[in-house]
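Next come the chains, spelled out residue by residue.
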Amino acid sequence: MKSDSSHSADSFDKFRTGSAEKSSILKTGPSILSTVLPGLRIAGAGKTGSLGSTKLTASRTGAEIAVQSLIDQGVDTMFGYPGGVILPFFDKLYDAPIRFIIPRHEQGGAHMADGYARASGRVGVIVATSGPGACNLVTGLGTAMMDSIPIVAITGQVRTELIGNDAFQEADTTGITRPVTKYNCIVKDVKDLARTIKEAFFIASTGRPGPVVVDLPVDVQVAKTEYDAGVEMRLPGYKPKIKGHLRQVSMAAEAINKSEKPVLYVGGGIISANAGEELRALAKKAHLPVTMTLLGLGSYDQNEAESLDMLGMHGTAYANYAVQECDLLIAVGARFDDRVTGKVKAFAPHAKVIHIDIDPASIAKNVRADIPVVGDAKYILTELVNQVEYRERKEWFTKIAQWKKKYPLGYDRKSTNIKPQYVIEQICELTGGDAIITTGVGQHQMWTSQFYKFKRPRQFITSGGLGTMGFGLPAAIGAQIAMPEATVVDIDGDHSFNMTLTELRTAVQYELPIKVCIMNNGYMGMVRQWQELFYNKRYSKSYLANPDYSKVAEALGAVGITVEKKADVPKAIKKMLTEKRPCVVDFRVEPEENVWPMVAAGKGLHEMDGLDLLESMA
Ligand SMILES: Cc1ncc(C[n+]2csc(CCOP(=O)(O)OP(=O)(O)O)c2C)c(N)n1
Ligand SMILES: [Mg+2]
C-alpha cells in the first residue's frame, strides 16, 4: 500500500483544541485511491495521515470512524449545521483538526461547500441533521449535480429500527436526494462505514464529478468496530475512463488538421479536469478560435485573440455566428445544453462534431457526434496537441474579426444612469480582472458573463445548470475560505441576494472579507425582461419591495454602501476593495435594462435579437 503523505497531523495544529490522546487517531493510513487508478484526481491525495497501512486500530465508534475517515481523505474544512441525530458525529468534531463553518441555513452550507469545491478543486463537505436539515440540502445538491461539482454530504438519520415509522425528524433522505446526487446510500452497519466514506469521496471526485450523500443513522454513529484505514473500496461497476480510444483521438486530430473553419466549444469539464493549460496549448498550436459555455468561462483567457467569449442564448454574436458557420465543432467537457444550442435542429448545421467528454451518457445526448471520444479532457487534449498542426486559416479568422468589429458587446455608455454593465466593467478593471467572481441568477449573471473578462479556471463561480437564485453569497463565502488571499466578489441580483442574505452574518463571524455588489434594479430582472418581450409588458409578480441593503448589511455587522450616482461607482468599488470586513454595495442600476443579444427560446443561434442595438453602439 502506497503511503504518499506529506500533510502530517501537525499541520492541523492551529485548529486543534483537543487532548493528546486525539492525536492517535490522526495517524492512520492514507487513501488507497491513488493506487487504484494512477493519475486520477483524487480528493485529498497527498494530504492524508502519515502511517499508510491497513493496520487495524482499537475499537471505535461510528462517529469516530466517520471523522477519522474524513481526515484521512484530506478534509481540513467542513460546513454544516447540527441537530439531534447527528450529535454523536458533532461530538467527535469538538476537538478534531477540522475547520468547521456553520452557515445560517443548510442550503447556504451546501452552496458554501460547492463554492469551496469550485474555487479549490477539492471535495466540499457538508453535514446536516436528519429530516429538515437533510431536506434543506436539496437545492444545494441539485445545484452541484447539474454543474458536476464534487460534494460529499453527511446526513444524520433516525435509529435504523425507527426508519419508516415517521419518527421525529425522519425523512427519506436517500429517496429525496436520489435525483440530485451522483450517488447516495445509507450506512446500516458500522462495519461498512469507513469503506462507504472512502467510496463517497472517490465517486464524488472522479469521472464526471458530482454530489454524494452518505446517510448515517444515529445508532450506527454510536456502534463500535475497528477502524481499517486501508479498507478496499468495492465499486466493481464504476470505472471512469481516463484515456480516450487512440483511434478516435487520431481521427479527431485529422479532422482538426483538415478543417478550414473550426471552433473549439468548451465547458466546465475543462475546469474540473484541470485542463486549462492543455486547452491553451491546443488552441495555440492548431490555431483555433475558442468559445466557452457559462460554466466554461475562465478555461481560456478572454484577453487572448482566439477567445470568442461565451456562446448561446446571451452569448456574443461572433461566437454564435462562428458556431453556425463552422465546418468543425470540437466540443470538450460541454454537454450541448439548450441554453447553448438554441433550436437543436438548426445548431451548427455545417459542422462535423467531435465530442470529448468523460461521461459517456453525455455524448450524442442532445446533438449527434461524428467523432465521440470518451475520456479525461486533460489526457485527450495532451494527446491531441501532439497530433495537430498549425494552420493559418486566414479567411476564417478575418471573418471572425469582422463579426467582432460589427457586433461587440455594448450598452449605452453615454447614459447618465448607472448601467449594470458599466458597474461590472468597473469591477473588472479595478480588480485587474483577477477576482474570483460569484453570482446569483438572472440578468446580472448574464452581464457578468459578458462584461467581466476572465483569465483563468476557477475564477467564475455560478450556478449554470440549475440556475439557483441565492447561490452567489454562500458560494463566495466557500470560495473565500478556500482562497483566503483572493479578492472574492459576489455580483448579485437584488432578489437573488434576498434569498440567502442571512449568510452575510456567517461571513462576518468568520471574518471573511468578501464583497457583494448588488445590481439593484428592483425587479426580478430576467423575469421582467421575458415579460417585456414575450408577455406584452405585463409585469406579473416580478417586483418585490427591497429593504435598504446597506442598512441590512450594517445590522449584520458588515459594511454597507449605497450608490445612486454614476460618478460614485468607481469610488465605491475602490472603497469596497480596501474593506477588511464583508462589504455590501447596493448599486441602484437602471431598472429596465435588458440583456443583449438574445436568442429567444426555440430559435436558432444565428437568429439573435438586439444585434442592431449592438451595431449602433459599436
Ligand atoms: C430559486 C429560484 N427561484 C426562481 C428562479 C427563476 N428566476 C430566474 S431569474 C429570476 C429573477 C432574478 O432576479 P434578481 O436576482 O434580482 O436578478 P436580475 O435578473 O434582476 O439581475 C427568477 C425569479 C430561479 N432561477 N431560482
Ligand atoms: Mg433584480
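Residues numbered from 1 in each chain as written. Chains lettered and ligands numbered in written order. Predicted model: local features only at pLDDT ≥ 70, side-chain atom pairs only at ≥ 80, totals over all residues. Heavy atoms only, no water.

Novice: When you look at the overall build of the chain in this model, what are you seeing that I'm missing?
Specialist: When helices and strands are tallied, the chain shows 25 helices and 22 strands. Against the globule reference of 25 Å for 618 residues, the chain gives a C-alpha radius of gyration of 25 Å, in line with a compact fold. In terms of principal-axis extent, the alpha carbons of the chain reach across some 75 × 60 × 45 Å. Per-residue burial for the chain yields a buried fraction of 61% across its 618 residues. Of the contacts formed within the chain by residues at least 6 apart in sequence, a portion of 76% connects residues at least 24 apart. As displayed, the chain offers around 23,700 Å² of accessible surface, 52% of which is attributable to carbon and sulfur atoms. Separation of charge centres in the chain, based on 71 positive and 68 negative side chains, amounts to 3 Å. (Helix = DSSP H or I, 4+ residues; strand = E, 2+ residues; numbered from the N terminus. Rg over C-alpha atoms; globule rule 2.2 N^0.38 Å. Buried < 20%, exposed > 50% of the residue type's maximum accessible area, 1.4 Å probe, protein only. Contact = heavy atoms within 4.5 Å. Areas by Shrake-Rupley, 256 points an atom, 1.4 Å probe, with all protein chains shown as cover. Lys, Arg positive; Asp, Glu negative; His and termini not counted. Charge placed at Lys NZ, Arg CZ, Asp CG, Glu CD.)

Novice: Got a minute to help me understand the coordination of the magnesium ion (ligand 2) in this structure?
Specialist: Around the magnesium ion (ligand 2), the protein contributes the donor atoms Asp 494 (OD), Asn 521 (OD1) and Tyr 523 (O), which lie 2.0 to 2.1 Å from the metal centre. In terms of primary sequence, the donors binding the magnesium ion (ligand 2) are separated according to D-x26-N-x1-Y. Residue Asp 494 is located in helix 20 (residues 494-500), and its partner Asn 521 is located in the loop between strand 18 (515-520) and helix 22 (525-534); the two are separated by 27 residues in the primary sequence. Comparing Asp 494 with Asn 521, the two get one shared label, buried. (Donors = N, O, S within 2.8 Å, 3.2 Å for Na, K, Ca; no water.)

Novice: Help me out: how do you make sense of the sheet that holds strand 15 (residues 436-439) in this one?
Specialist: Adjacent strands of a sheet pair through backbone hydrogen bonds, lying either parallel or antiparallel. Taken in spatial order, the six strands line up as 16-15-17-18-20-19 in an open sheet, and their pairing is parallel. Taken across any chain shown, the strands that pair with only one partner, and hence form the sheet edges, are strand 16 (460-461) and strand 19 (559-563). Where strand 17 (residues 488-493) meets strand 18, five bridges bridge the pair, whose relative direction is parallel. Residue Ile 491 lies in a different strand from strand 18, and its bridge partner there is Cys 517. Sitting on the sheet, helix 17 (residues 420-430) is in contact with strand 17, strand 18 and strand 20 (583-588), with an inclination near 160 degrees to strand 18. Contacts between helix 19 (residues 472-482) and the sheet are confined to strand 15, strand 16, strand 17 and strand 18, with strand 17 contributing the most and set at about 175 degrees to the helix. (Pairing = 2+ DSSP bridges. Axes fitted to C-alpha atoms, helices over the stretch in contact; angles between N-to-C directions.)

Novice: What is the right way to read the environment of Asp 492 from this model?
Specialist: In this fold, Asp 492 is placed in strand 17. By relative accessible area, which is 0% here, Asp 492 ends up buried. On a C-alpha basis, the gap between Asp 492 and Thr 562 in space is 14 Å, while along the polypeptide they are 70 residues apart. In this structure, Asp 492 is in contact with Thr 439, Gly 440, His 444, Gly 472, Leu 473, Phe 497, Val 516, Cys 517, Ile 518 and Met 519, ignoring residues within four places of it in sequence.

Novice: Hey, could you run me through the sheet that holds strand 9 (residues 262-266) in this one?
Specialist: In space, the six strands of this open sheet follow the order 11-10-9-12-13-14, with parallel pairing throughout. Every interior strand has two partners, whereas the edge strands, strand 11 (307-310) and strand 14 (371-374), have only one. Between one strand and the next, the sheet's axes are offset by a mean angle of 15 degrees, whatever the strand orientation.

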